Amino acid sequence: MNRKLHGIHAPHRKNTADSVPKRMPPPPVITVPMSMNIGAPAKPVVKAGDLVKVGQIIAEAGGFMSAPIYSGVSGKVKKLDEILSSNGRFDTAIVIESDGQQTLYEGLTKPVITDQKSFVDAVRTCGVIGLGGAGFPTSVKLNVDPDRVHAIIINGAECEPYITSDTRTMMDNADRVVMGAQLLQKYYTADRIVIGIEDNKPQCIEIMKEAGKDVPGFEVAELPAMYPQGGEKVLIYNTTGQIVPEGKLPIDVGCIVINCTTLAVIARYIETGIPLVEKVITVDGSAVANPQNIIVPVGTPIRDVLNYVGLKTEPRKVLYGGPMMGICVPNLDAPILKNTNAILAFDEKDAQDPVPTPCIRCGRCVNHCPFGLMPAAIEQAYNDRDGAALKKLKVNLCMECGCCSYGCPARRPLVQINKLAKAVLNRYNQEQKALAEKEAAKKAAKEEAGVHGK
Ligand code: SF4
Ligand code: SF4
């Protein structure tokens, strides 16, 4: 296949690639938010004063597009609280005081899996969501007609600078990743199981090749290290050559894309009955004294994580995730979420906002965009609040990868503008819909009047 890759070559900064994750001692308190997935928030099933153990359910799924939540510590529920999330919204959270014992809940049982339905049910009960960052409930993704699946693509690209938590999962738990792949192979009709890994991780590639060598149809795709290689549509294109059409999903081209850590968590649940209660995270950045990978209970305050690894200086900016797509944490009491794969803390120098200068029409933003969008034109349309133009420019396809901003010599905040432009487009679409409904109602009323007038 002759494919032209678009994207950027950002410095990899995989400083923690050799850091085998250490389990951090349980923090005194965890704060577990109910909205950690795309879709409906979970509903608490515990109240202040209840005693809980590791792996015990504390919140049930709030609907089909949701996931249950389990305690990552043993201890006592202190309260149900309201906390500020990184998206600016308030969310209910369960605050649990740890007893430091990490006693495992005795009611944990391994799921009984006999067919695709019971497999999907087990994935749902496990509480797992897209752990690569997306946060889409995995059971919903897997709840498809198995005959429609031709390729299962395991996302092991880990293309964001700094982050190595997926790499460590593949290196330290390769058997679980392969076991997850075999389960998918068993319950879906895929001919191919491809794990996509960037070629800047040669050791990881070798380990996964060795682990999967006896699995029919299992292949390791060595992908050029180019951001955003791990973007879902980019990965599908670069591993199968297929383009996911606008408005369609991977399953519409016969693909399921699943993150390697998500798969390992599912395999662990099936093997042990322990649901998703903890995360491997990379802690790095210029303010961090000892960058490393650690394992922490979901809900651990970021302040405790940073104190554990040590700081060189007071951080000026702290991110959930990588420098390209990461989101600023609202405060250091904010918790580790199910889909947190890294905490990056930067010092004053690295936290400076770039000063933009006028666009010089060089076209680099178009060249860097994986989808060939035109960020400079989108900026102009956004400034004009021109919804029709934004629709034509297809800003809705923007995956907010940040390649355009990264490559812009004028340092324009293109990705930030794209996010705002999407809101303008949404409003425009709503107005257009309301207008069309009004016109249709008018027409129907006219026709009705015509009928009665006869
Ligand atoms: S990369 Fe920056 S300067 Fe070049 S065309 Fe795009 S917005 Fe303008
Ligand atoms: S326009 Fe969107 S998808 Fe394209 S490079 Fe910029 S952020 Fe990425």
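Structure: above.
## Notes on the overall build of the chain
In step 1: Check the secondary structure of the chain and you find 13 helices and 17 strands.
In step 2: Against the compact-globule benchmark of 22 Å for 454 residues, the chain has a radius of gyration of 23 Å, which places it among compact chains.
In step 3: Split into buried and exposed, the 454 residues of the chain put 51% on the buried side.
In step 4: Of all intrachain contacts in the chain linking residues separated by at least 6 positions in sequence, the fraction that spans at least 24 positions is 72%.
In step 5: Accessible area for the chain stands at about 21,200 Å²; split by element, carbon and sulfur atoms hold 52% of it.

## Quick look at the site of ligand 1
In step 1: In the neighbourhood of ligand 1, the contacting residues comprise C359, I360, R361, C362, G363, R364, C365, A376, C408, P409, A410 and L414.
In step 2: Taken together, the residues of the shell around ligand 1 sort by class into nine nonpolar, one polar and two charged.

## So, unusual backbone geometry
In step 1: A cis geometry characterises the amide bond from Y227 onward to P228, with omega recorded as 5°.
In step 2: Here P228 is to be found in the loop between strand 11 (218–223) and helix 6 (232–240).
In step 3: Positive phi is not limited to glycine here, since K394 has a value of about 55°.
In step 4: On the basis of relative accessibility, which here comes to 33%, the residue K394 falls in the partly exposed class.

## What to know about the site of ligand 2
In step 1: Not every one of the 13 residues close to ligand 2 is listed here, only the nearest: C369, C398, C401, C404 and N418.
In step 2: Among the elements of the structure, helix 12 (403–407) and helix 13 (414–453) are those that each provide at least two residues to the shell around ligand 2.
In step 3: Across the shell around ligand 2, the residue classes break down as ten nonpolar, two polar and one charged.

## As for the pattern of salt bridges
In step 1: Considering all chains together, one arrives at 22 salt bridges under this definition.
In step 2: D50 is the partner of K47 in a salt bridge, and the nearest nitrogen-oxygen pair spans 3.1 Å.
In step 3: Given the relative accessible area of 54%, K47 is considered exposed.
In step 4: Three or more residues are tied together by salt bridges with common partners; here these are R23, R268 and E278.

## Focus on the packing of helix 1 (residues 116–126) against helix 7 (residues 260–272)
In step 1: Where helix 1 meets helix 7, the closest approach of the two axes is 10 Å, and the angle between their N-to-C directions is 100°. Judged by the inter-axis angle, helix 1 sits roughly perpendicular to helix 7. Counting all contacts with helix 1, which are made through F119, A122, V123, T125 and C126, the residues of helix 7 involved are V265, I266, Y269 and I270.
In step 2: Here the residues of the contact of helix 1 with helix 7 sort into eight nonpolar, one polar and no charged.

## A word on the sheet that holds strand 7 (residues 75–84)
In step 1: Strand order in the open sheet formed by four strands is 2-8-7-4, and the pairing between neighbours is antiparallel. Strand pairing shows two members of the sheet lacking a second neighbour, strand 2 (29–33) and strand 4 (51–52), which therefore form its edges.
In step 2: Bridge analysis of strand 2 against strand 8 (residues 90–98) gives five bridges, and the strand direction is antiparallel. Bridging across to strand 8, P33 finds its partner in A93.

## A look at the packing of aromatic side chains
In step 1: In total, this model carries two aromatic pairs according to the counting rule given.
In step 2: Measuring from centroid to centroid gives 5.5 Å for F119 and Y187, while their planes differ by 25°, and the two rings are stacked. In this pair, F119 is assigned in helix 1 and Y187 in helix 4 (residues 174–187), connecting sequence segments 68 residues apart.
In step 3: Taking the relative accessible area as the measure of exposure, Y187 reaches 11% and is therefore buried.
In step 4: Its guanidinium or amino end placed over the ring of Y382, R385 lies 4.2 Å from that ring's centre, counting from NZ or CZ.

## Some details on the side chain of S139
In step 1: Here S139 shows up in helix 2 (residues 138–142).
In step 2: When neighbours within four sequence positions are excluded, S139 is seen to be in contact with V120, V123 and R124.

## Structural notes on the state of the cysteines
In step 1: Following the criterion strictly, the structure yields zero disulfides and no others.
In step 2: The thiol of C126 is not disulfide-bonded; the next cysteine sulfur, from C260, is found 15 Å away.
In step 3: Residue classification places C126 among the buried residues on the basis of a relative accessible area of 0%.
In step 4: Considering cysteine sulfurs only, C260 is the nearest to C255, which forms no disulfide, with 17 Å between them.

About the criteria used
Residues numbered from 1 in each chain as written. Chains lettered and ligands numbered in written order. Predicted model: local features only at pLDDT ≥ 70, side-chain atom pairs only at ≥ 80, totals over all residues. Heavy atoms only, no water. Helix = DSSP H or I, 4+ residues; strand = E, 2+ residues; numbered from the N terminus. Rg over C-alpha atoms; globule rule 2.2 N^0.38 Å. Buried < 20%, exposed > 50% of the residue type's maximum accessible area, 1.4 Å probe, protein only. Contact = heavy atoms within 4.5 Å. Areas by Shrake-Rupley, 256 points an atom, 1.4 Å probe, with all protein chains shown as cover. Near = heavy atom within 4 Å. Nonpolar A, V, L, I, M, F, W, Y, C, P; charged D, E, K, R; others polar. Salt bridge = Lys/Arg side-chain N within 4 Å of Asp/Glu carboxyl O. Axes fitted to C-alpha atoms, helices over the stretch in contact; angles between N-to-C directions. Parallel < 35°, antiparallel > 145°, perpendicular 65-115°, else oblique. Pairing = 2+ DSSP bridges. Phe/Tyr/Trp six-rings, centres within 6.5 Å; stacked < 30°, edge-to-face > 60°. Lys NZ or Arg CZ within 6 Å of the ring centre and 35° of its normal. Disulfide = S-S within 2.5 Å.

So yeah, pure geometry; function would need other evidence.
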